[in-house]
Amino acid sequence: MKHKLLPLSETMHYILLALREPLHGYAVMQKIEKMSNGTVILAAGTLYGAIENLNKHGWIEPVENSGRKKTYRITTEGSAVLKMEQERLLHILSLYEGREANEEV
Amino acid sequence: MKRFKVFFNIEKEEQWLEEQLQKGYRCTSISGLGIYTFEQTDKQYVIRLDYQDYLSKQKFAEYKGIYEDFGWTHIRGSRLSGIQRWQKEDNGQNEIFSDRQSRASYYKRLMNYSLWLGMICLAYSFMLYSDSPLYHEGLWSMEGSLFWKALLFETPFVLLKLLPALMAIVLGSSCYKAYQKYSMLKNL
């Protein structure tokens, strides 16, 4: 059965991509704002809930000795999820470009 | 300015608080007994209510830390379970949820909370009403003005006794409203 977080929502996608380097909550939001050219600005409750959820599923983990603010980074499992999503999106992109569709016709 | 208010519905409370803030106030404290304290301000503030289930000390600190980083001030809320009230200066980024999924899970938390609290009230009402009748039994055999005086005397106590049943109804309707919003967001 498909995991309940898949396909990744835009929020989850950006958070996993941002956490390829260790960051604390607020820094994740700032990085995502830059990565998305200002189109995705996460709110506090959404970010807290998403971090909780990703951590619970073992896709991100807290970095040890990170001081007052908890810092997270992606896990191997999380990276595998990103890889899977990348393949899914690449396939969709290829459909956009009409390569595979043309072969069928 | 101090105001006394009791809410059984989190969205009504948020609405009412927002109305006060729009009149040029900011909330400085909320006491457990329902006393809301405001002070006048030139700046525009916004207030948002979140609901969280039990949080460990560590989780609660992390939860508060993230909100505070975003500029929110915690006005009131217990980590053991309950409504968390957040206020901040209006700067255009005034929401605590920025996507559909997180808004849906907020309504789901709210739905479960009203459901449980409502069930407890309902169970308590059954216990209360099966033990003894609402009015004293001797009341109905009284006559004339004595009957009316006794009825008048007992009625406030009866209303008080009916409170858990009324709360169960209010909570039941909040639960249904939260469910409607949850399923709407879920099926969009």
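A quick note: this is a predicted structure, and the numbers were derived from the prediction, not measured.

A. The arrangement of the domain arrangement of chain B in detail. All names here are of chain B. For chain B, the assigned domains are domain 1 (2-89) and domain 2 (100-186). For domain 1 versus domain 2, the separation of C-alpha centres amounts to 26 Å. Taken residue by residue, the interface counts ten residues in domain 1 and eleven residues in domain 2. With both chains or domains summed, domain 1 and domain 2 bury close to 980 Å², and 56% of this area falls on carbon and sulfur atoms. It is Phe-8, Glu-11 and Tyr-51 in domain 1 that bury the most area against domain 2; as a group they hold 59% of the surface buried on that side. Between Lys-181 and Glu-11 there is a salt bridge; the shortest N-O distance is 2.7 Å.

B. Structural context of the pattern of salt bridges. Applying the stated criterion to the full structure yields twelve salt bridges over all chains. Across the salt bridge formed by Lys-59 of chain B and Glu-52 of chain A, the nearest N and O atoms sit 3.3 Å from each other. With Lys-59 of chain B in helix H2 (residues 57-69) and Glu-52 of chain A in helix H3 (residues 44-56), this residue pair bridges two chains. Residue Glu-52 of chain A is classed as partly exposed on the basis of its relative accessible area of 21%.

C. Up close: the sheet that holds strand S5 (residues 73-76) of chain B. Residues and elements named next belong to chain B. Taken in spatial order, the three strands of this open sheet run S4-S6-S5, and their pairing is antiparallel. Looking at which strands have only one partner, the edges of the open sheet turn out to be strand S4 (45-52) and S5. In this sheet, neighbouring strand axes are inclined to one another by 35 degrees on average, regardless of whether the strands run parallel or antiparallel. In the sheet, S4 pairs with strand S6 (residues 82-89) via eight bridges, with the strands oriented antiparallel.

D. Main features of a nonpolar patch on the surface. A cluster of nonpolar side chains, contributed by Phe-4, Val-6, Phe-8, Leu-33, Ile-35 and Val-170 of chain B, occupies part of the molecular surface with about 580 Å² of accessible area. Position of Phe-4 of chain B relative to the elements: it lies in strand S1 (residues 2-4).

Here is what the cut-offs are and how they apply
Residues numbered from 1 in each chain as written. Chains lettered and ligands numbered in written order. Predicted model: local features only at pLDDT ≥ 70, side-chain atom pairs only at ≥ 80, totals over all residues. Heavy atoms only, no water. Domains from an automatic or database assignment. Contact = heavy atoms within 4.5 Å. Buried area = accessible area lost by both parts, 1.4 Å probe. Salt bridge = Lys/Arg side-chain N within 4 Å of Asp/Glu carboxyl O. Helix = DSSP H or I, 4+ residues; strand = E, 2+ residues; numbered from the N terminus. Buried < 20%, exposed > 50% of the residue type's maximum accessible area, 1.4 Å probe, protein only. Pairing = 2+ DSSP bridges. Axes fitted to C-alpha atoms, helices over the stretch in contact; angles between N-to-C directions. Patch = residues over 30% accessible without salt bridge, like charges linked within 9 Å, V, L, I, M, F, W, Y side chains within 5 Å. Areas by Shrake-Rupley, 256 points an atom, 1.4 Å probe, with all protein chains shown as cover.

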